[in-house]
Amino acid sequence: MTKTVFWGVLAAAGVAAGMVSANTLDDVKARGELICGTNTGLVGFAAPDANGRYEGFDVAWCRAVAAAIFGDPEKIEFKPLTTTNRFTALAAGEVDLVVRNTTWTFTRDVDLKLDFVGVNYYDGQGFMVPKELGVTSARELDGATVCIQKGTTTELNLSDFFRANNISYEPVPIETNAEAQQQYLAGACDVYTTDASGLAATRASFEAPGDHIILPEIVSKEPLGPLVRHGDSDWADLVRWVHNALLAAEELGVTSANIEELSASTENPEIARLLGTEGNLGEMLGLSADWAKNAIKAEGNYGEIFEKYIGEGTPIGLARGLNAQWTEGGLQYAPPFR
Amino acid sequence: MATVSEPPQGGFRLSQLIYDTRYRSMTIQIVTLIGVLSLIYWLGANVAYNLAALGKPIDFTFLWAPANYDINQMLIKYDSQDSHARAALVGLLNTLLVAVLGCVLATVVGVIVGVLRLSSNWLVARVMTVYVEAFRNVPVLLWIVLAMAILIEALPQPRDFRGDDPAASMLFDAVAFTNRGIYLPEPLFTRSLGEVPFFGIFDISLDLLALLAVLAAGMLAVRAIGRRAERIQNATGDRPTTWYLSLGVIALPVLVLLALLGFHLGYPELKGFNFAGGIYLRNSFIALWLALSLYTAAFIAEIVRGGIIAISKGQSEAAAALGLRPNRTMRLVILPQALRVIIPPLISQYLNLTKNSSLAIGVGYMDLTGTLMGTSLNLSGRELECVMLTMLIYLAISLVISGVFNLYNQRVKLKER
């Protein structure tokens, strides 16, 4: 009898371990926390602070999703991922979503079976060089040694850019941003190339940021955004609409400061639907009515998150540019909540 | 009353499979075999099912798609429009390069250190002990990363060589040590014979082939000279001096060939951002090569020491009695016998070094793990295929190495007749 039970349990455990779960939301709820894949360390986007707590622009998306599900942005576990293992970790179910300045491309979306749910930062690839080299354009980089993160779209763009301009270069493949920083500062490579936002963030952490310039050429489109596994559309919907909620909140003027007041007494029906005082949008996602309110309360709306971590008031100092709301001439545009 | 010797009644019963010692072991083996096979089947079926559910059935066609990325160290021609398969081949050759050079250096250092550890000079023996203990007790990845960090931080940047009063200068105006690697002079031929394609996979330099052919012919001539000296020694008891003959038949034809080909050295020179020309040993290669070699050499030193100690003291005493000097005793009497003890564990060290070379990923050396299992995997998203292929390739390399050395072992081991 005991033996039968033992084998039965073992078999059941094995089958359970072997299944790719089709319902991520149920798994997350049962686990009691969200597992979010993020950067191993890129100041402003995702990096542990002095107390080891992950903070940053990308991290804010993870916390917003956790808050939408549990009403608590702290019910979350972060898994630092490198450029080389991020997709494998997501496909294998080690993480529920990845928010790790990852570029949305056709092959990643279609062939790698990932689902990008939106664009939280419109970026482009740039080049950073020490000022003393006297380089003013990326086209002058013939023969330069270039540090590049392995397995990224930047690696492909770099190859294309140098081919198109018929100039040569020596790639130095590296694994993490920290490693690139070490090699670049020691002069083991002349140029560091990655997304312009990443360059700004990296430069901000240098001792003498003024000694380095970011060249004017932006050689690619790099729409960065959160992504989930292909095959669970409900989960993709949830993450997509948390993202949209952060965008809509900025457009509608909902901030972490006035959200309580607005949810108690708003006349605007779209704000009421967003914050769950009217309609049943939350129920449709399988969440509570105040899901979006919790998500926005976690770190603020899109504009607040931007200003807090990477905006012009921070050492990283990125302008809104393409990432302004569509009403301000930017590209950020949330579909209607109805 | 039944007698004790009465044979048991009835035929075969199922319970005998467990309780009868004649059948029990067979039963256990069959049950275990079935269990193992079904576990393997279950794992395989599960993988296939899950991949199908993800919409990613196993598919190797990505290997023929353009790789789209560049590789810095290439032993054969490659550009970003070549296929993933060719990128994997470039990586494989880089793996083999560092493995072969690593095995050679590790053996040389290991034998020297192993012999010196037995030295009667207290200081030399202790220094070697410290070397062995330091290297074999720290994980090799740390040595690789440390070597890389030292190369990057300690050596000058190429731009330090610039200007009227440069902070750094080249050794003999020929060798440049920079934190991107070492630039050496390269052999060039003004009247080169050109290259021939090898099955369309890569080109072989005819100059190199000609040099190898001349060298091989020289080796054969040296052996003939040696045999002649042997004959004369056996007949007259005097061995003729042959070293100048040997040197002549090896060096002269090579020098003549080099002169015919118009051999000269191409020196590296500062051009733009980097040195141009010359042979460029990247710092990732140097770090990996040195760290792997020195690490493995520590183990080989212990194997060599063990092999020497295993030879009975009587052998060296007998050699001394015959009037052999210590270094000849070592070379002619001790080492040949010690080899029998040394070879088998040495093979496993070579295998270790080859497999450890996959730690190249720590310093960005583009070996097989950097290409096929690194960037190609990442760009194509074919995790399982890339991992299985890489495992197969490493398995094949290891089997070839152990096969070759087992053959060698057959030759040197004690012949029992």
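In the annotation of an unreviewed UniProt entry, the entry for chain B reads ABC transporter permease subunit, and the organism field reads Mangrovicoccus algicola. Quoted verbatim from the Sequence similarities (unreviewed entry) field of UniProt, the annotation for chain B is "Belongs to the binding-protein-dependent transport system permease family. HisMQ subfamily."

Under an unreviewed UniProt entry, the name given to chain A is Amino acid ABC transporter substrate-binding protein, and the organism recorded is Mangrovicoccus algicola. What UniProt records for chain A under Sequence similarities (unreviewed entry) is the sentence "Belongs to the bacterial solute-binding protein 3 family."

Asker: Before we move on, can you summarise the overall build of chain B with the specific residues and values?
Answerer: Within chain B, the regular secondary structure consists of 12 helices and nine strands. Radius of gyration (C-alpha) of chain B: 30 Å, far over the 22 Å computed for a compact globule of 417 residues. When the backbone C-alpha atoms are referred to their principal axes, chain B occupies close to 110 × 75 × 45 Å. Burial status across chain B gives 37% buried among its 417 residues.

Asker: Which residues make up the sheet that holds strand 11 (residues 191-195) of chain A, and what are the values?
Answerer: Residues and elements named next belong to chain A. The strand order across the open sheet built from five strands is 10-9-11-8-12, with neighbouring strands paired in mixed fashion. Every interior strand has two partners, whereas the edge strands, strand 10 (169-174) and strand 12 (212-214), have only one. Shown here is a sheet whose adjacent strand axes are inclined to one another by a mean of 30°, direction ignored. Sheet topology places strand 8 (residues 125-130) next to strand 12; three bridges connect them, and they run antiparallel. Of the residues in strand 12, the one forming a bridge with P130 is H212. Most of the contacts of helix 8 (residues 196-204) go to strand 11, to which it runs at about 125°, and overall it touches strand 8, strand 11 and strand 12.

Asker: Lay out the side chain of T103(A) in plain terms, naming residues and giving numbers.
Answerer: Residues and elements named next belong to chain A. In this structure, T103 sits in the loop between strand 5 (97-98) and helix 5 (106-110). Residue T103 is classed as buried on the basis of its relative accessible area, which comes to 4%. At 3.3 Å, the side chain of T103 and the side chain of T153 are in polar contact. Excluding its chain neighbours within four sequence positions, the residues that come into contact with T103 are R108, F116, T153, D195, K221, E222, P223 and L224.

Asker: Just give me the short version of the sheet that holds strand 2 (residues 181-184) of chain B, but keep the residues and values in it.
Answerer: Residue and element names in this part refer to chain B. The three strands are arranged 1-2-9 in an open sheet whose pairing can be described as antiparallel. The open sheet has two edge strands, strand 1 (176-178) and strand 9 (279-282), and neither has a second partner. Strand-to-strand, the axes of this sheet are offset by a mean angle of 15°, without reference to chain direction. With three bridges joining them, strand 1 and strand 2 adopt antiparallel strand pairing. Bridge pairing links T178 to G181 in strand 2. Packed on one face of the sheet, helix 8 (residues 283-310) meets strand 2 and strand 9 and runs near 60° to strand 9.

Asker: Run through unusual backbone geometry, naming residues and quoting values.
Answerer: All names here are of chain A. For K113, which is not a glycine, the phi torsion comes out positive at approximately 60°. Looking at the element boundaries, K113 is found in the loop between helix 5 and strand 6 (114-116). Accessibility expressed as a relative area gives 21% for K113, which makes it partly exposed. Of note in the backbone geometry, N166 takes a positive phi value of approximately 55° without being a glycine. Residue class for N166 comes out exposed when judged on its relative accessible area of 70%.

Analysis parameters
- Residues numbered from 1 in each chain as written.
- Chains lettered and ligands numbered in written order.
- Predicted model: local features only at pLDDT ≥ 70, side-chain atom pairs only at ≥ 80, totals over all residues.
- Heavy atoms only, no water.
- UniProt positions renumbered as here; feature names shortened; annotations may be inferred.
- Helix = DSSP H or I, 4+ residues; strand = E, 2+ residues; numbered from the N terminus.
- Rg over C-alpha atoms; globule rule 2.2 N^0.38 Å.
- Buried < 20%, exposed > 50% of the residue type's maximum accessible area, 1.4 Å probe, protein only.
- Pairing = 2+ DSSP bridges.
- Axes fitted to C-alpha atoms, helices over the stretch in contact; angles between N-to-C directions.
- Contact = heavy atoms within 4.5 Å.
- Polar contact = N/O pair within 3.5 Å; in protein donor to acceptor, adjacent residues only side chain to side chain.

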